[in-house]
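In case you want the letters, here they are:
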Amino acid sequence: MTGTFFGNTDALRERYGKITPEILREIQEAAGAKNVVAGDPEALESYASDEAGIMFTSMPDAVVKAESAEQVAAVMKVASKYKIPVTPRGAGSGLAGAAVPLCGGIVLSLEKMNRILEIDPVNRVAVVEPGVVTNELCKAVAEQGFLYAGYPMSTETSFIGGNVATNAGGGKVIRYGNTRRHVLGLEVVLPTGTVLNLGGRIRKDTWGYSLMQLMVGSEGTLGIITRVIVNLEPKPGKTVNLLVAFPDLDSAVDSVAKVVRTGISVISCELMDKLSVNIAASHVNTVLPYQDRADAFLLIQIEGDSDERLEEGYEKVGTLCLENGALEVFVAESRTESGMIWNIRQNLAEAMRAHDPYCSLSGDMVVPLSTVPEMVEEIRKAGKERGIAVGILGHIADGNLHPIIFKPAGMEPMEWAEYAEAFYDDLTSVAIRLGGVGSGEHGIGYVKMPIFLHSKPAEEIEIMRGIKRSFDPDGILNPGKLLGS
Ligand SMILES: Cc1cc2nc3c(=O)[nH]c(=O)nc-3n(C[C@H](O)[C@H](O)[C@H](O)COP(=O)(O)OP(=O)(O)OC[C@H]3O[C@@H](n4cnc5c(N)ncnc54)[C@H](O)[C@@H]3O)c2cc1C
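Residues numbered from 1 in each chain as written. Predicted model: local features only at pLDDT ≥ 70, side-chain atom pairs only at ≥ 80, totals over all residues. Heavy atoms only, no water.

The subject of this paragraph is the overall build of the protein chain. If you tally the helices and strands in the protein chain, you get 17 helices and 17 strands. Taken across its 485 residues, the protein chain has 56% of its residues classed as buried. A separation of at least 24 residues holds for 75% of the contacts in the protein chain among residues at least 6 apart in sequence. Of note, the protein chain has its 45 positive side-chain charges centred 5 Å away from the centre of its 62 negative side-chain charges. (Helix = DSSP H or I, 4+ residues; strand = E, 2+ residues; numbered from the N terminus. Buried < 20%, exposed > 50% of the residue type's maximum accessible area, 1.4 Å probe, protein only. Contact = heavy atoms within 4.5 Å. Lys, Arg positive; Asp, Glu negative; His and termini not counted. Charge placed at Lys NZ, Arg CZ, Asp CG, Glu CD.)

When the domains of the protein chain are assigned, the result is domain 1 (116-234), domain 2 (238-350) and domain 3 (356-442). One C-alpha centre belongs to domain 2, the other to domain 3; they are set 22 Å apart. Between domain 2 and domain 3 lies a buried interface of about 1,400 Å² when both sides are counted; carbon and sulfur atoms form 70% of it. Considering only the surface of domain 2 that becomes buried against domain 3, L249, V253 and L271 emerge as the three largest contributors, covering 32% of it. Our count for the contact surface shared by domain 2 and domain 3 stands at 1 salt bridge. (Domains from an automatic or database assignment. Buried area = accessible area lost by both parts, 1.4 Å probe. Salt bridge = Lys/Arg side-chain N within 4 Å of Asp/Glu carboxyl O.)

Between its terminal C-alpha atoms helix α4 (residues 69-82) stretches 20 Å, which fits the 20 Å expected from 14 residues at 1.5 Å a residue. Residues of α4 that are buried include every one of A69, Q71, V72, A73, V75, M76, V78 and A79, and no others. Positive backbone phi, approximately 55°, marks K83, located one or two places after α4. (Expected span 1.5 Å × (residues − 1).)

The subject of this paragraph is the environment of D472. Inspection of the secondary structure assignment puts D472 in the segment after α17 (458-471). Each C-alpha atom, one on D472 and one on T192, is 7.4 Å from the other, the two residues being 280 residues apart in sequence. Sequence-distant contacts of D472, defined by excluding residues within four places in its chain, comprise P191, T221 and L477.

Counting 88 residues, the largest nonpolar core has L271, L298, I300 and M375 as its most contacted members. The element best represented in this core is helix α15 (residues 413-433), accounting for 8 residues. Residues from two domains meet in this core; each of domain 2 (238-350) and domain 3 (356-442) gives at least three. Contact partners of I300, with chain neighbours within four places excluded, come to V240, N241, L242, V244, V259, V266, S268, C269, V317 and C321. (Core = buried A, V, L, I, M, F, W, Y, C linked by side-chain atoms within 4.5 Å.)

Of all 6 residues in strand β17 (residues 400-405), 6 are buried, a share of seventy percent or more. The alternating pattern of β17 places N400, H402 and I404 on one face and L401, P403 and I405 on the opposite face, and all of these are buried. Connecting the antiparallel pair strand β16 (residues 390-395) and β17 is a turn made up of 4 residues, with G399 showing a positive phi of about 70°. (Pairing = 2+ DSSP bridges.)

This part covers the sheet that holds strand β13 (residues 265-273). As summarised here, the arrangement of the 6 strands in space is β15-β12-β14-β13-β16-β17, forming an open sheet in which the pairing is antiparallel. The sheet is open, and its two edges are formed by β15 (328-331) and β17, each paired on a single side. Strand-to-strand twist in this sheet, taken as the mean axis angle between neighbours without regard to direction, amounts to 15°. Pairing between strand β12 (residues 238-246) and β15: 4 bridges, direction antiparallel. Residue V244 lies in a different strand from β15, and its bridge partner there is V329. Along the sheet face, helix α12 (residues 335-346) touches β12, β13, β14 (296-304), β15, β16 and β17 and points at about 55° away from the line of β13. (Axes fitted to C-alpha atoms, helices over the stretch in contact; angles between N-to-C directions.)

Mapped onto the elements, S455 comes out in helix α16 (residues 449-455). S455 sits in the partly exposed class, given a relative accessible area of 32%.

Now for the site of the ligand. For the ligand, the set of nearby residues contains 36 residues, the closest of which are P88, G90, S93, G94 and S154. Between the ligand and T166, the relevant distance is 2.9 Å, taken from an oxygen atom to a side-chain nitrogen or oxygen of the residue. Notes on the ligand: free accessible area 970 Å², of which the protein chains cover 95%. Sorting the residues of the shell around the ligand by element identifies β3 (86-89), α6 (160-166) and β10 (224-231) as the ones contributing at least two each. The biggest single contributor to the shell around the ligand is α6, with 5 residues. Taken together, the residues of the shell around the ligand sort by class into 15 nonpolar, 17 polar and 4 charged. Two domains each donate at least three residues to the shell around the ligand, and these are domain 1 (116-234) and domain 3 (356-442). (Near = heavy atom within 4 Å. Polar contact = N/O pair within 3.5 Å; in protein donor to acceptor, adjacent residues only side chain to side chain. Areas by Shrake-Rupley, 256 points an atom, 1.4 Å probe, with all protein chains shown as cover. Nonpolar A, V, L, I, M, F, W, Y, C, P; charged D, E, K, R; others polar.)

Shown next as structure tokens:
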């Protein structure tokens, strides 16, 4: 076995071909020699892990940085001929180990396919290559008066192709939905090298099964996304950010459904508990108002079509939170103040990693809003019972919680990797009991696979395996992820 991973992948590796010098030459012919990295461990190492953590690494044998769908198709034909495993890769910001080349072989990086091909104002779409950084697309369309509504907290690093492959969520789902809702068309290269064009510049399509929607959230197991047509929204009206400090987690959580029910247009509603805020604020060298007294914060962004409506909106939300026990409601008066608040939220994960390089960020359960208080209580209880420090944050209005856990001193990293996932498995079982699932946005990848397979009915898994076989009969695309093989 090459790399560090819990679970033995040797048997899985045995099923695949190895890249011989002759095969490498064919790959170089397919993609252009300058786009292929092999035999350079230092250069390959950056493709051996993602943000699931340093406990999950596995070296590729080669990295192909394709420049076009034609090159992707040509490489897939070679891989298919020799049964070489291929792991598609965006920015590697995923938190489920999904972009880690578990069986070695080829990492197919989309980083060079990073052009915004077109912004089409009449059809309100943008056509982009998969390696465009999410925020670059947001900025480009904003200049033309549009909004691309995908907004994972990793927006400054993740790629659009990765967002589609994971059905990314993030900070604006309560208002606009997750990535699935923003995808109108895809160009996809299948493992055999066949290219499909799915969907298009249209918003309605009952023209057979939606293979396009099947690709969304497929985590690189069905095909390689080489072009994306995304929906653009009109730019929102005026927005304001509120930071609401609560004396305890319960009153913060309890306020959320009430805020959502006001009918005011809430774009974001993010929860951060005391531990998370303390770590993040110190990381970015800031202190939030009431940080010493508050046990939890809600970061709420609301929208209004005029200054009066906006003021009405934040007055109503603020009053409601105060009536629900909030210590104070801060209205960000300027871009700087808004930036300061969001800076904390966006840097939470990085701050946690700086605090503890082994902290686990893969907790991602989602439950119906009505059961969020119970889920939060179960998370706290699980931490207390095991003596594990837990930070709780999440896209709370979506019922999506990210408990973040820290490695106890003295525990070996690999033991911790398994321990952390067992911790989340237990919480996933609770989420399922409450009517939810184990991942709202990060996906299954490798780290959530065992509990995923365990929790789904066998009939459902068998249908999924059938779908996988029809797209990828030899199982060369991202083996060992999602369904396992
Ligand atoms: C600080 C931080 C904050 C985050 N916040 C959020 C958040 O708010 N919401 C959220 O949803 N996620 C979040 N994430 C997780 C991550 O950013 C998302 O899952 C993101 O969508 C991954 O994009 P990527 O380009 O990095 O993909 P990668 O990590 O490179 O890949 C992820 C998966 O997609 C597949 N893939 C990538 N590109 C393609 C392609 N072109 N064709 C086919 N398959 C492909 C890979 O094989 C892999 O299975 C966060 C991560 C970090 C580190």
